[in-house]
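Each chain, letter by letter, is given below.
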Amino acid sequence: MADFGEILLNIGEFGLFQKTILIALCIPNIILPFHFMSVFFIQSDPDRHCNTDWIHKAAPNLTTDEQLNLTLPREDDGTFSKCRMYVPVDWDIDAIREYGLNDTTSCQYGWVYNNMLYEATIVTDFNLVCDQAELLGVAQAVLMAGILFGCLLLGPFAESFGRRRAAQIPVVVMLIFTVTTGLCPNFYLYLASQFMVGIGYGGFRLNGIILATEWIGVSKRSWGACVSQLFSALGQAILAGMIYLIRDWRLAQLVTAAPTAVMAIYIWFIPESARWLVDIGRKEEAEKLITKVAVINKRTVPDNLMDKIVTKDTEKKRGIVVLFQSSVLRKYFLTIIFAWFSLNVVYYCLSFNVGNFGLDIFLTQALFGLSELPAHIVCIWLLEVVGRKVSLISTLLIGGLFSILILAVPRGNAVAVTILAIGGRIFSNWAGSVCNVYVQELFPTSARQTASGLGSIASRVGGLVAPLLNMLALYHWSIPTIVFSTLSLISGVLCFLLPETAKKELPDSTDEAEGNRNKTTLKRQSKTNKPPQIKSTKL
């Protein structure tokens, strides 16, 4: 009997085909961080005052200082109020000057913004200030909710319709709604459009990694997740430069749409996962595809290779049932999804605070991305050297430690706070790479997509919780940091319950997953490059 891992040994585990498809599926990850641009690069409390141009009817030649003195109340510190104005009256200017105005109201005609770092943001375009300031957190949460829904919708979709379609459709969705986001005339249409962008984001992130990984053999499987994260980190750094040059969020959306359009075209040429085709019984299609891959990789396919594959029909389409019927797999599943949830709470709590650490926001964002590049390169190596278990435990614990140390640093020390925040973000992101690999190696083929989908959903719930958790800083600035740091530390300890899966073939059945059987005691090709012999078991 042969399994798909043995097929890959014959056609090449990481040949030209796998490298090409991996790069093609990772390139979109450079652009994905750009979709956070409108909620990252904002000034949550910009310098502003109420628009009081109503007084020009009484005196069109007033200077700016006179206008403000007559129409705006002052705060206790002597500055003009940002959220209040005097109630407009029909008096002439002499009466206003003589008697003055006393009754105040909220801003009736919008705001005038001063000393802006950006030309336009969602805060200034949609006036998300004063009693509308909490809507900024809503905007962040809606985007994360869209990502969550994308995982929830397109994870099961991939089980029925294939990994290929589930990776292609999200790119088209992102293209359409990236454009509509930049053209939205009001905040509520913006929220709806961002939710759709989130669906595309979540669907592609989930299925792009799985499609790439299912084509890669045991020895290089960690590359699927780590290279994807590497490209995403590069995108984070490029994002800082783009917004530094283009400080209008609407224009930045349209600029983002251009490379997305290119990806929406070439993504349709990505082939299906042959592992999935074999798993659902479409062996003729899988055989044709495997033959093409072998040619690209300059390998020879043994005669009747597909006749030597035995599929496990007993576990088809039982996804979530398999995960929870088995006490062993249930333990693995709950542990890994809690880790994934926790690390995303840390990552996005820190990310959404990029402008609040005290250093220049463009510099901080660039450091966020650039510092992750070497981390993901090292991750590829360490996953094979120390294994998945040690990697996940150590990254969660170290990330939680960096985060909680922020509480020990004076808030005015911007450099130290930023360094600790970067450290916490690096290790939480690193842990995410490990989870992407780990979740696919813990569960059988019949439940792998479901486990990956539900794990990704849990991670996106973490992202959804992050902006809401950050709102608790209104009560005390330390509350969010205490919560997300503690989650990371607890999840790191719980990961001691997981088995090691490094250098083991993907399990095809529940028994193999429960026993964590090392199926790659198969001898690798010898130095003479002789392909492994497969014992024939006809169907």
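Residues numbered from 1 in each chain as written. Predicted model: local features only at pLDDT ≥ 70, side-chain atom pairs only at ≥ 80, totals over all residues. Heavy atoms only, no water.

This part covers helix H10 (residues 187-213). Each turn of an α-helix holds 3.6 residues, which means side chains three or four residues apart point in the same direction. Counted at 1.5 Å a residue, the expected span for H10 with its 27 residues is 39 Å, and the 39 Å between its end C-alpha atoms agrees. Taking the backbone nitrogen of tyrosine 188 as reference, a side-chain oxygen 3.1 Å away marks asparagine 186 as the first, capping residue of H10. (Helix = DSSP H or I, 4+ residues; strand = E, 2+ residues; numbered from the N terminus. Expected span 1.5 Å × (residues − 1). Polar contact = N/O pair within 3.5 Å; in protein donor to acceptor, adjacent residues only side chain to side chain.)

Our next topic: the state of the cysteines. For the coordinates displayed, the defined rule picks out 2 disulfides. Between the sulfur atoms of cysteine 50 and its disulfide mate cysteine 107 the distance is 1.7 Å. For the disulfide bridge between cysteine 50 and cysteine 107, the dihedral angle about the S-S bond is near -60 degrees, and by the sign convention the bridge is left-handed. In this pair, cysteine 50 sits in strand S1 (residues 48-50) while cysteine 107 sits in the loop between strand S3 (104-106) and strand S4 (111-113), placing the two residues 57 residues apart along the sequence. Owing to a relative accessible area of 13%, cysteine 107 belongs among the buried residues under this scheme. Numbered by position along the chain, the disulfide-linked cysteines of the protein connect as 1-3, 2-4. Between cysteine 349, a free cysteine, and cysteine 435, which holds the nearest cysteine sulfur, the sulfur-to-sulfur gap is 17 Å. The exposure class of cysteine 349 is buried, given its relative accessible area of 1%. (Disulfide = S-S within 2.5 Å. Buried < 20%, exposed > 50% of the residue type's maximum accessible area, 1.4 Å probe, protein only.)

Moving on to the packing of aromatic side chains. According to the stated counting rule, one finds 21 aromatic pairs in the structure shown. Arranged with centres 4.9 Å apart and planes meeting at 75 degrees, the rings of phenylalanine 17 and tryptophan 215 form a pair that is edge-to-face. Of this pair, phenylalanine 17 sits in helix H2 (residues 16-26) while tryptophan 215 sits in the loop between H10 and helix H11 (222-245), and the two are 198 residues apart along the sequence. Residue tryptophan 215 is classed as buried on the basis of its relative accessible area of 0%. Seen in terms of ring centroids, tyrosine 348 and phenylalanine 352 are 6.0 Å apart; in terms of plane orientation they differ by 35 degrees. Their pairing is tilted. The class of phenylalanine 352 is buried, set by a relative accessible area of 8%. Put simply, the rings of Phe36, Phe40, Tyr201, Tyr347, Tyr348 and Phe352 pair up and form one aromatic cluster. Over the ring of phenylalanine 80 we find arginine 74, and its NZ or CZ is 4.1 Å from the ring centre. The ring of tyrosine 244 has arginine 247 lying over it, and the distance from NZ or CZ to the ring centre is 4.7 Å. (Phe/Tyr/Trp six-rings, centres within 6.5 Å; stacked < 30°, edge-to-face > 60°. Lys NZ or Arg CZ within 6 Å of the ring centre and 35° of its normal.)

Geometric values such as these leave the question of function open.
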